[in-house]
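Remarks on the overall topology
Each chain, written out:
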Amino acid sequence: MFFADTLEIRGLGNRSYLAGGLRAAVVVDPPRDIDRVIAAAARRGVQIVAVAETHVHNDYVTGGLELARLTGARYLVPAGASVAYARVPVSDGDTEKIDEGVVLRAVATPGHTPHHTSYVLEEDGRAVAAFTGGSLLIGSVGRPDLVEPRLTEELARSQHASAHRLAAELDDEVAVMPTHGFGSFCSSSHAGGEHSTIGAEKSSNPALVQDVESFVKELLSGLDDVPAYYAHMGPANAAGPAPVDLTAPDRADGGEIARRLAAGEWVVDLRNRVAFSESHVAGTFNFEVEGQLATYLAWMIPWGRPVTLLAQSADDIARAQRELARVGIDRPAAAAVGSPGDWVAGETPLASFPRATFAGLAAALGRGEGLVTLDVRRDGERAGGWVEGSVHIPIHQVHQRLDEVPAGTVWVHCAGGMRAAIAASVLDAAGRDVVAIDDGYDSAADAGLTLVTPTRS
């Protein structure tokens, strides 16, 4: 009897899979922190005999090479991928025996990358699950623009063809188990749902219900910003990532934190945005450990800049360290636990800034206060409408474009509050007076604010 277990990597919006039979299993697209994969196999009582990559990943550092080394498993990597380490090159139609009656079959599905390969799990010759990586996602497909701009349209057409190949070759009841699409920026559009099948995708996935020209046009017009750190992930994965080191970082006192801030290093406060706004060390940035920490910190920090972590507990430091290692931020320079009073030297005063709602913004505007409304949503979100008179700088660009924020108290908003808190902390660290709008954008109209809705041609 086969099984297929999902290993979620929530912060990055990805999934890995452990699948196999009674005694042996394959791991598909493992995260860098492979200890949880090994623990999952131990709970199942199976030996990992194969590790399979659907493609050279652009959004996270793989743990596949190290997992294969530690377990002695065969490391399956698409033959078309250019990598610097020994592996089992996989081509279309190749099969790998996993357990008695359980076989993994490779299916070439170019589109997300030119070499992208999906894997079909077969039990006694019958397909039961398709590990589709960045090809056919739940309600979407993987974006085709992460490799080379000149290849984007060609890869978009390949995505359409690959989706149709999977739909044609697999029965409707076969489970679709993608790596991307649960919040990952590798998805070409918002992908919804936790579970799906080939049959369900046939009825709703744009790649399967649209003709190729309509699909390509819509796909290319809807592509959003690419996180800056993606540029470092592909090369790291092609070269062969080093083993992850999750040992606790050195502890910092208030004096060291002050020195690191003075040196221009990033000191990141992992507490929730309410606690941060009420009291924090001046100059620190707020990336909530409960938010999309790895995505936004890796997107914004100058690559290679040392980072020090501050948190209420050692568990939060460990969790953040694990998430950051997945995107190549390997070792925090230092860390400290406790509260802001523990993180300053001597009588250094703590900083704070107010939080508000969209109703509060409307009231302030009604009083004629000299303020700036800063929208830090992404371009694609802004295209759907915005608060009249607001300035737009996407969150990942705020720290680089501070000089473009007009004078006055800055009321900063996003779609829900998390990114507004990040931007508010960056502005606060730069000495600006700031108010963080901790509210859903859907409340803006109800608050009486005038919204601009673009006309569609």
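What this report covers is the structure whose coordinates are included nearby.

The next subject is the nonpolar core. Core analysis: the biggest nonpolar cluster contains 53 residues, and Leu270, Phe287, Leu297 and Leu309 have the highest contact counts within it. No other element matches the seven residues that helix H10 (residues 293-300) contributes to this core. Beyond its immediate chain neighbours, meaning those up to four positions away, Leu309 contacts Val268, Leu270, Ile317, Ala320, Gln321, Leu324, Pro332, Ala334, Ala335 and Ala336. Counting residues in each nonpolar core, the second largest holds 21 residues, with Leu7, Leu18, Val51 and Val56 among its members.

A few words now on the sheet that holds strand E1 (residues 3-9). If you trace the six strands from one edge of the open sheet to the other, you get E1-E2-E3-E4-E5-E6, paired in mixed fashion. Unpaired on one side and paired on the other, E1 and strand E6 (88-90) mark the two borders of the sheet. Across this sheet, the average inter-strand angle for adjacent strands is 25°, counted without regard to direction. Across the face of the sheet, helix H1 (residues 35-44) comes into contact with E1, strand E2 (14-20), strand E3 (24-28) and strand E4 (47-52) while running at roughly 150° to E1. Lying over the sheet, helix H2 (residues 64-71) contacts E3, E4 and strand E5 (74-78), oriented at roughly 150° with respect to E4.

So, about the pairing of strand E14 (residues 307-311). Taking burial as the measure, the five residues of E14 include five buried ones, the bulk of the element. Burial along E14 is two-sided: Val307, Leu309 and Ala311 and Thr308 and Leu310, pointing in opposite directions, are all buried. Relative to E14, strand E12 (residues 266-269) runs parallel, the two sharing four bridges. Bridging from a neighbouring strand, Val267 pairs with Thr308 of E14.

Right, let's talk about the packing of H10 against helix H11 (residues 314-325) for a bit. Where H10 contacts H11, the two axes come as close as 9 Å, and the packing angle between them is 60°. As far as their axial angle goes, H11 and H10 are oblique. Between H10 and H11 the crossing geometry is right-handed. Two secondary-structure elements touch here, H10 through Leu293, Ala294 and Leu297 and H11 through Ala320, Glu323 and Leu324. Residues that form the contact of H10 with H11 fall into these classes: five nonpolar, no polar and one charged.

Tallying each qualifying case throughout the model produces ten aromatic pairs. Aromatic side chains Tyr75 and Tyr85 sit 5.9 Å apart centroid to centroid with 25° between the ring planes, which places their arrangement in the stacked category. Separated by ten residues along the polypeptide, Tyr75 in strand E5 and Tyr85 in the loop between E5 and E6 bring together distant segments of the chain. For Tyr75, a relative accessible area of 5% translates into the label buried. Pairing Trp266 with Phe285 gives two aromatic rings, centres 4.6 Å apart and planes at 70°, and the pair type is edge-to-face. Taken as a pair, Trp266 in strand E12 and Phe285 in strand E13 (residues 285-286) lie far apart in primary sequence, 19 residues in all. Relative accessible area serves as the criterion here: at 6%, Trp266 is assigned to the buried category. Note on Phe285: relative accessible area 11%, which makes it buried. The positively charged end of Arg44 is found above the aromatic ring belonging to Phe3, 4.1 Å away from the centroid. Above the ring of Tyr441, the side-chain terminus of Arg377 is found at 4.1 Å from the ring centroid.

Cut-offs and rules
- Residues numbered from 1 in each chain as written.
- Predicted model: local features only at pLDDT ≥ 70, side-chain atom pairs only at ≥ 80, totals over all residues.
- Heavy atoms only, no water.
- Core = buried A, V, L, I, M, F, W, Y, C linked by side-chain atoms within 4.5 Å.
- Buried < 20%, exposed > 50% of the residue type's maximum accessible area, 1.4 Å probe, protein only.
- Helix = DSSP H or I, 4+ residues; strand = E, 2+ residues; numbered from the N terminus.
- Contact = heavy atoms within 4.5 Å.
- Pairing = 2+ DSSP bridges.
- Axes fitted to C-alpha atoms, helices over the stretch in contact; angles between N-to-C directions.
- Parallel < 35°, antiparallel > 145°, perpendicular 65-115°, else oblique.
- Left-handed = near helix turned anticlockwise from the far one by under 90°.
- Nonpolar A, V, L, I, M, F, W, Y, C, P; charged D, E, K, R; others polar.
- Phe/Tyr/Trp six-rings, centres within 6.5 Å; stacked < 30°, edge-to-face > 60°.
- Lys NZ or Arg CZ within 6 Å of the ring centre and 35° of its normal.

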